[in-house]
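Each chain, letter by letter, is given below.
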Amino acid sequence: MNLIYFAAFVSFVLGASSYIIVRFWVLPIYRYRKHRRAVAESLPRYREARVQESSGAAEEKTADALSANLRKQAAALSDAFEMDVPHWYRMLLNSRGESPVEAARLLSKLANTRKSDHIQQQIQQIQAALNL
């Protein structure tokens, strides 16, 4: 009978520790990486929309919608990094030279930029800040 109690205790400890690891490490890191991937996917679309807008081929509403999307992504990326990501992962990102807070600042700045050469420079800075 003691073996059953030992097995129940071990399974409880394994389940509780797995829950803690998944809930507080795996899911926040996954959410941060998802926001980072979304930023990487939206940068080329924004560049194309602004280039088409300057040439007169596209509507201004599309570029403005993408600007609003960039602002939302900047806030989501910054929030995911500051509030969700564990401290040890922040230190790992810092050692890699990845700065999501700087990238969020540059994304907000990019959303207000109209000149194509400035847009290209800021996109390169964002990619460097996120190691894309």
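Before reading further, recall that the structure is shown in the block above.
A.B. asks: Could you give an account of the environment of Asn 69, with specific residues and numbers?
C.D. replies: Within the secondary structure layout, Asn 69 lies in helix α2 (residues 60-84). Given the relative accessible area of 27%, Asn 69 is considered partly exposed.

A.B. asks: Explain the pattern of salt bridges to me, using residue names and the numbers behind them.
C.D. replies: Scanning the entire structure with this criterion turns up three salt bridges. The salt bridge involving Asp 84 is made with Arg 31; its shortest N-O contact spans 3.7 Å. Of this pair, Asp 84 sits in helix α2 while Arg 31 sits in helix α1 (residues 2-55), placing them 53 residues apart in sequence. Among the residues examined, Arg 31 registers a relative accessible area of 29% and is labelled partly exposed.

A.B. asks: Tell me about the packing of aromatic side chains, and please be specific about residues and values.
C.D. replies: Scanning the model with the defined rule gives four aromatic pairs in all. Seen from their ring centres, Tyr 32 and Tyr 89 are 6.3 Å apart, and the 75 degrees between their planes marks the pair as edge-to-face. Taken together, the residues Tyr 32 in helix α1 and Tyr 89 in helix α3 (residues 87-96) connect sequence positions 57 residues apart. Across this residue pair, the class does not change: Tyr 32 and Tyr 89 are buried. Measuring from ring centre to ring centre gives 5.8 Å for Trp 88 and Tyr 89, while their planes differ by 85 degrees; the resulting arrangement is edge-to-face. Under the relative-accessibility criterion, Trp 88 is labelled partly exposed at 38%. By the ring-pair criterion, three or more aromatic residues cluster together here, those being Trp 25, Tyr 32, Phe 81, Trp 88 and Tyr 89. The cationic tip of Arg 90 hangs over the ring face of Phe 81; the distance from NZ or CZ to the ring centre is 6.0 Å.

A.B. asks: Please set out the environment of Ile 123 residue by residue, giving values where relevant.
C.D. replies: On the secondary structure map, Ile 123 appears in helix α5 (residues 116-130). Between the C-alpha atom of Ile 123 and that of Glu 102, which follows or precedes it by 21 residues, the distance is 12 Å. With residues up to four places along the chain from it excluded, the contact list for Ile 123 reads Leu 43, Arg 47 and Leu 110.

The rules behind these values
Residues numbered from 1 in each chain as written. Predicted model: local features only at pLDDT ≥ 70, side-chain atom pairs only at ≥ 80, totals over all residues. Heavy atoms only, no water. Helix = DSSP H or I, 4+ residues; strand = E, 2+ residues; numbered from the N terminus. Buried < 20%, exposed > 50% of the residue type's maximum accessible area, 1.4 Å probe, protein only. Salt bridge = Lys/Arg side-chain N within 4 Å of Asp/Glu carboxyl O. Phe/Tyr/Trp six-rings, centres within 6.5 Å; stacked < 30°, edge-to-face > 60°. Lys NZ or Arg CZ within 6 Å of the ring centre and 35° of its normal. Contact = heavy atoms within 4.5 Å.

Function cannot be read off these values alone, since they describe shape.
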